[in-house]
Amino acid sequence: MNRLKGKKIIVGITGGIAAYKIPLLIRYLVKEGAEVQVVMSDFAKAFVTPLTLSTVSGKPVLSSFFDEKNGEWNSHVDLGLWADAIIVAPLTANTMAKMAVGIADNLLTTTILSARCPVFYAPTMDLDMFYHAVTQENIKKLKKLGYIYIPPDEGDLASGLKGAGRLKEPEELANILIDFFSKKKTLSGKRVLISAGPTYEPIDPVRFIGNRSSGKMGIALAHAFIELGAVVDLVIGPVAFPVKEKDNLNLYFVETAAQMDLKCSELFPKSDVAVMAAAVSDFTPKNPAKSKIKKETSFPQIELVPTVDILAKLGKIKKSNQILIGFALETDNELNNARHKLKRKNLDMIVMNSLKDFGAGFGVDTNKVTLIFKDNNEIEIPLNSKEMIAQEIVGEIKKMIKS
Ligand code: CTP
């Protein structure tokens, strides 16, 4: 109990039949110590009365920009700043579409636009509306914007149809918020750019120059950052397994070093931290053949040209409030090579792994690394799963953000 003590939560209600579940949600939140402010759309009042909601929340319900009786202004900006979290449930297709394009035509949509806190959204509607391409697109769009998706349950719908579209039960909704606040989201509000995986440089339409990188280390890092509340932009080369979608994870699939450079350069200016974990090809064929090279024709000579060193490029434009981390996979003279790379590319830290170490490097699920910092400090992290190593690395980066 009291797991939400001191938390200020806006419960946004839009006009769907599932609004009947919200008074119970508010009771759970209040019981856990939260201060709850209801902001509802006019249409929602047809499904649940403001009197019920103000009684359970202990606060007058807000729905318009000013109080019609005394003309008092309900400031959406103040509300947006006041809240530690906003949950919009039920969320109609209509309000979700407005949120996706930034329409601010009532107190709720305006408050969401001014909010600096996490916004949870629970779309609930009839089956066909839910599966409509526009609705699915809007769900994705909101995820990309960093909103936290609460998917509907499957079951009997008010229309008599069966399928996805049911709002989760009030206790489950309350638990989502409790879980969220119980983890220390020390990196919430931070944006992290990660590059991962190999790049493929085309020789002809069939063949390419590539490497053995699996992308696993970069993905583990993305998950470790998200756990702490950051929003991650993951730019990932061709990997052999499907990369799962996740809240707060924006995925960008690329193939060549040039494409990876383009995407990373575009995203870097709005990143607080960038970790370049990709094994970018250092060379690319100068003139990839337009059609498949046949062995009957002459023995092919492939002329290579260097690719852009993305990490070095970001190091040149890095601002003082940005943190830039690189990786170094070495086979010989490891520490010295890594130290040299750290300086040459203007990094804050470099993660060195040696192919000589058993269980480290490409294709395996484990790693063993040495972290080298720009103040020459070094930390060795012994052999462990890539997930555990990622947590250690993110732990060190977190310290740098604070200081
Ligand atoms: N990197 C990059 N763009 C490239 C090559 C490398 O962003 N074109 C990044 C990698 O993601 C990694 C770091 O640079 O974070 C080190 O890559 P590595 O290949 O070990 O170093 P290089 O600078 O290419 O030096 P060398 O291959 O000579 O060791």
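Our subject is the structure that appears above.
First things first, this report covers the structure right here in the doc. (Residues numbered from 1 in each chain as written. Predicted model: local features only at pLDDT ≥ 70, side-chain atom pairs only at ≥ 80, totals over all residues. Heavy atoms only, no water.)

Scanning the protein for helices and strands turns up 13 helices and 19 strands. The dimensions of the protein, computed from C-alpha atoms along their principal axes, are 80 × 55 × 35 Å. Counting over 403 residues, the protein shows a buried share of 50%. Contacts in the protein between residues far apart in sequence, at least 24 positions, make up 66% of those at least 6 positions apart. Accessible surface for the protein amounts to roughly 20,300 Å². Of this, 54% is attributable to carbon and sulfur atoms. (Helix = DSSP H or I, 4+ residues; strand = E, 2+ residues; numbered from the N terminus. Buried < 20%, exposed > 50% of the residue type's maximum accessible area, 1.4 Å probe, protein only. Contact = heavy atoms within 4.5 Å. Areas by Shrake-Rupley, 256 points an atom, 1.4 Å probe, with all protein chains shown as cover.)

Another point: the site of the ligand. Around the ligand sit 16 residues in total, of which Met-276, Ala-278, Phe-327, Lys-341 and Lys-345 are the nearest. Asp-282 places a polar side-chain atom, nitrogen or oxygen, 3.0 Å from an oxygen atom of the ligand. Residue assignment for the shell around the ligand shows that the elements contributing at least two residues are α11 (310-317), β16 (323-330) and α12 (334-344). Sorting elements by how many residues they give to the shell around the ligand places β16 first, with 4 residues. Looking at the shell around the ligand residue by residue, the classes come out as 9 nonpolar, 2 polar and 5 charged. (Near = heavy atom within 4 Å. Polar contact = N/O pair within 3.5 Å; in protein donor to acceptor, adjacent residues only side chain to side chain. Nonpolar A, V, L, I, M, F, W, Y, C, P; charged D, E, K, R; others polar.)

What follows covers empty space enclosed by the protein. Taken as a whole and assessed by the stated rule, the structure comprises 1 cavity of 30 Å³ or more. What the largest cavity holds in volume is close to 40 Å³. Looking at the lining of the largest cavity, the elements with two or more residues in it are α4 (93-101) and α5 (107-114). The biggest single contributor to the lining of the largest cavity is α5, with 3 residues. (1 Å grid on protein atoms, 1.4 Å probe; cavity = no way out; pocket = protein on both sides within 12 Å on 5 of 7 lines; lining within 4 Å. Points joined across faces, edges and corners; volume = space filled by probe spheres on them.)

Let's shift gears to the packing of aromatic side chains. Enumeration over the complete set of coordinates arrives at 7 aromatic pairs. Judged by centre distance (5.4 Å) and plane angle (35°), the ring pair of Tyr-121 and Tyr-149 falls under tilted. Of the two residues, Tyr-121 sits in strand β4 (residues 119-123) while Tyr-149 sits in strand β5 (residues 148-149), which places them 28 residues apart along the sequence. Each member of the pair Tyr-121 and Tyr-149 is classed as buried. On the basis of an interplanar angle of 10° and a centroid distance of 3.7 Å, the ring pair of Tyr-200 and Phe-208 is categorised as stacked. Residue Phe-208 is classed as partly exposed on the basis of its relative accessible area, which comes to 40%. Put simply, the rings of Phe-120, Phe-180 and Phe-181 pair up and form one aromatic cluster. (Phe/Tyr/Trp six-rings, centres within 6.5 Å; stacked < 30°, edge-to-face > 60°.)

Next up on the list: the environment of Ile-148. Structurally, Ile-148 can be placed in strand β5. Spatially, the C-alpha atom of Ile-148 lies 4.5 Å from that of Phe-120, the residues being 28 residues apart in sequence.

It is worth spelling out the environment of Leu-51 at this point. Mapped onto the secondary structure, Leu-51 falls in helix α2 (residues 50-57). Using a relative accessible area of 64% as the deciding quantity, one classes Leu-51 as exposed. Spatially, the C-alpha atoms of Leu-51 and Ser-188 are 35 Å apart, while their sequence positions differ by 137 residues.

Taken as a whole and judged by the stated rule, the model has 19 salt bridges. A salt bridge links Lys-143 to Glu-245, with the shortest nitrogen-to-oxygen separation between them at 3.9 Å. With Lys-143 in helix α7 (residues 133-144) and Glu-245 in the loop between β11 (231-236) and β12 (249-253), this pair connects stretches of sequence that are 102 residues apart. For Glu-245, a relative accessible area of 53% corresponds to the exposed category. Between Lys-374 and Asp-348 there is a salt bridge, with its nearest N and O atoms 2.9 Å apart. Separated by 26 residues along the polypeptide, Lys-374 in the loop between β18 (366-373) and β19 (378-385) and Asp-348 in the loop between α12 and β17 (349-354) bring together distant segments of the chain. In this structure Lys-374 comes out as exposed when scored by relative accessible area, which is 53%. (Salt bridge = Lys/Arg side-chain N within 4 Å of Asp/Glu carboxyl O.)

The next point concerns helix α1 (residues 22-31). Of all the residues in α1, the buried ones are Ile-22, Pro-23, Leu-25, Ile-26 and Leu-29. For α1, the angular spread of the buried residues around the axis is 155°, confining them to a single face. Structurally, α1 contributes buried residues whose contacts are with β1 (8-13), β2 (35-40), α2, β3 (85-91) and α8 (170-182). (Arc of directions from axis to C-beta.)

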